[in-house]
Structure formats: structure tokens, C-alpha cells
Amino acid sequence: MSLKISNSVKGKTAVLKIDGEVDMFSSPQARNAIMELVKQRVPKVIVDLSEVSYMDSSGVATLIEGLQLCHKYNGKLVVAGLRANVREVFELTRLDKIFQIFQDVEAAKTNG
Amino acid sequence: MTKIIVLNLTSDPPLLSVMRAAVSKVCEIAGFDAMDTSKIILAIDEACSNIIRHAYKGKGGQSIRITCKIKPTKLEFILEDEGEPADLKKIKSRPLDEIRPGGLGVYIITSVMDKVKYADGLEAGNRLVMQKSIPKDKK
């Protein structure tokens, strides 16, 4: 199934909202959306995962790539709104120690 | 008594969501809770993705057979494909302190499942057997 992806850039912050199941079929879509923001060198990218009902390692890989590319230009990529099963993937792969994870987009805007 | 469900799908990534829905039901019948179910789905999904990516090199329309066996004390999945046999010496998870995209699938599979065994010496294709014990209070 394809993802629904929207983004809004305000000032130095972009919120990228992903809706759907992120797997090997759909993760290229998420990657393209993140790469678009990376190309623009947006200082802070908040990936809103509140509507992501499933994520596999290809989704995680996409986020790692985005994080590393943002770091190259001193930007930030943070994630927000993880459901329990998605958070479990982060914890299983110990990426909860690497990513800044926020309860929701508002918390990410304020604290991230 | 062992209950058996056999899923046949082709190596087309859009079908993974169908597989996940079916595996979810299998886990429910076996008595796993929601969190264990989501982990098991993830492990089977990673294994299927590896078949598509490595055994079939991304080629669609090829056979993947998943046999699910609900036994009294464990849930067993047997994944069979007719693709390029994997070099078993090269199947390993990467260290988690290497922060880079990719290479997490095998780590996830071995972390989630209690037993993971790739069949050796097949004439063609691959066969992967994975088992997860059913917690006693859930049987």
C-alpha cells in the first residue's frame, strides 16, 4: 500500500507527516520525501509517525539515512508520535538511543 | 494437535501487507498478545523481504511459501523459496553500534524468534524455519 505523505515548512522547521505502513514497498516514498527536505537543507526535520501503523527495517534505514544526511549540514531530524509497535522496532534495534523521540509534533517543536 | 496454515504468495512487495494480516491472525489463534504479535509479524516480514531482495534479486512473480504450524507449545513458520541459495556463512546481523542504514533484518529475526535455522545443502532455493514458544499462560 502506498503512503500518504505531507509536509509543511515553516521557518527553520519542516514537519513531514507519514500515514500508512512503511515497508520495503513503500519506504522509497518516505525516502524521497526526506531527501527533498535534505536537499533544501532544512535545519530541523520533524518526522510525524503518529499515523504509521507499521514500520520494518527498511523504514528505519530510511530514517537513519535522513538523520545522517541532516547531521552533515548541522541539521536535525527527530521523530514524533510513535505508536507502541513502531517504538518497539526502535527499541529492538536500539535506535531509541540514537534518535530524539518525542510524544508528538508539538513537543518536538518546543523541545527538539 | 497441530494446526497448519499455508500461505502462497509471489515475490511482489505490495503483497507483504496481505502476508502481515494473515500472520497477525495466526498469532492471535496461537494466543500471543498484541506486542508479541507485532514482533512476530516484523520478523516474518523481514524474512520475506530478504527473500525478495536477495534470493530473487527484486524480481516479482516468484514463489514464496509460508507454512505456519500452531503446535501446543510453539508457533513455527517455514519459509521456502526457489531463488538463489543463500551463502549461509554470509548471513549475519551487523553490530548495532554501527549506525548505518540497512543490515538490521537478520538481527530483528534472531532477536524476536526463539529458534532460527536455515536449511543447509538444498539442491535449489532456500528454507528457513523459525519458532516462537507460546507463553504457558496464553495457551
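For the structure, check the block above.
Everything numeric here is computed off the predicted structure, so don't read it as measured data.

### Points about the packing of helix α3 (residues 84-92) of chain A against helix α2 (residues 34-55) of chain B
- One can describe the packing of α3 of chain A onto α2 of chain B by two numbers: an axis separation of 10 Å at closest approach and a directional angle of 60°. With respect to α2 of chain B, the axis of α3 of chain A lies oblique. With respect to the hand of their crossing, α3 of chain A and α2 of chain B are arranged in right-handed fashion. Every residue of α2 of chain B that contacts α3 of chain A at Ala 84, Asn 85, Glu 88, Val 89 and Leu 92 of chain A is listed here: Met 35, Ser 38, Lys 39 and Leu 42 of chain B.
- Taken together, the residues of the contact of α3 of chain A with α2 of chain B sort by class into five nonpolar, two polar and two charged.

### Things to note about the packing of aromatic side chains
Residues and elements named next belong to chain A.
- Inspection of the entire model under this criterion finds one aromatic pair over all chains.
- Consider the rings of Phe 90 and Phe 99, whose centres lie 5.5 Å apart with planes at 75°: the pair is edge-to-face. Taken as a pair, Phe 90 and Phe 99 share a single burial class, namely buried.

### Structural notes on the pairing of strand β5 (residues 126-133) of chain B
Residue and element names in this part refer to chain B.
- Across the eight residues that make up β5, a large majority, six, are buried.
- Pairing of strand β3 (residues 74-81) with β5 involves eight bridges; the strand directions are antiparallel. Looking at β5, one finds that Phe 77 is bridged to Met 130.
- With four bridges connecting them, strand β4 (residues 115-118) and β5 associate as antiparallel partners. Bridge pairing links Lys 117 to Val 129 in β5.

### Quick notes on the side chain of Glu 76 of chain B
All names here are of chain B.
- Along the chain, Glu 76 falls in strand β3.
- Judged by relative accessible area, Glu 76 falls into the buried class, the value being 7%.
- Within the structure, the side chain of Glu 76 is placed 2.5 Å from the side chain of Gln 131, a separation counted as a polar contact.
- Other than its neighbours up to four places away in sequence, Glu 76 contacts Thr 67, Cys 68, Lys 69, Lys 71, Val 129, Met 130 and Gln 131.

### With respect to the sheet that holds strand β2 (residues 63-70) of chain B
Residue and element names in this part refer to chain B.
- Read from one edge of the open sheet, five strands run β1-β2-β3-β5-β4, paired in antiparallel fashion. Every interior strand has two partners, whereas the edge strands, β1 (3-10) and β4, have only one. Each strand of the sheet is rotated relative to its neighbour by a mean of 15°, with strand direction disregarded.
- Most of the contacts of α2 go to β3, to which it runs at about 10°, and overall it touches β2, β3 and β5.

### Quick word on the environment of Asn 74 of chain A
Residues and elements named next belong to chain A.
- Along the chain, Asn 74 turns up in the loop between α2 (57-72) and β4 (76-80).
- The exposed category is assigned to Asn 74, whose relative accessible area is 73%.
- Separated by 33 residues in sequence, Asn 74 and Arg 41 have C-alpha atoms that sit 9.0 Å apart.

About the thresholds
- Residues numbered from 1 in each chain as written.
- Chains lettered and ligands numbered in written order.
- Predicted model: local features only at pLDDT ≥ 70, side-chain atom pairs only at ≥ 80, totals over all residues.
- Heavy atoms only, no water.
- Axes fitted to C-alpha atoms, helices over the stretch in contact; angles between N-to-C directions.
- Helix = DSSP H or I, 4+ residues; strand = E, 2+ residues; numbered from the N terminus.
- Parallel < 35°, antiparallel > 145°, perpendicular 65-115°, else oblique.
- Left-handed = near helix turned anticlockwise from the far one by under 90°.
- Contact = heavy atoms within 4.5 Å.
- Nonpolar A, V, L, I, M, F, W, Y, C, P; charged D, E, K, R; others polar.
- Phe/Tyr/Trp six-rings, centres within 6.5 Å; stacked < 30°, edge-to-face > 60°.
- Buried < 20%, exposed > 50% of the residue type's maximum accessible area, 1.4 Å probe, protein only.
- Pairing = 2+ DSSP bridges.
- Polar contact = N/O pair within 3.5 Å; in protein donor to acceptor, adjacent residues only side chain to side chain.

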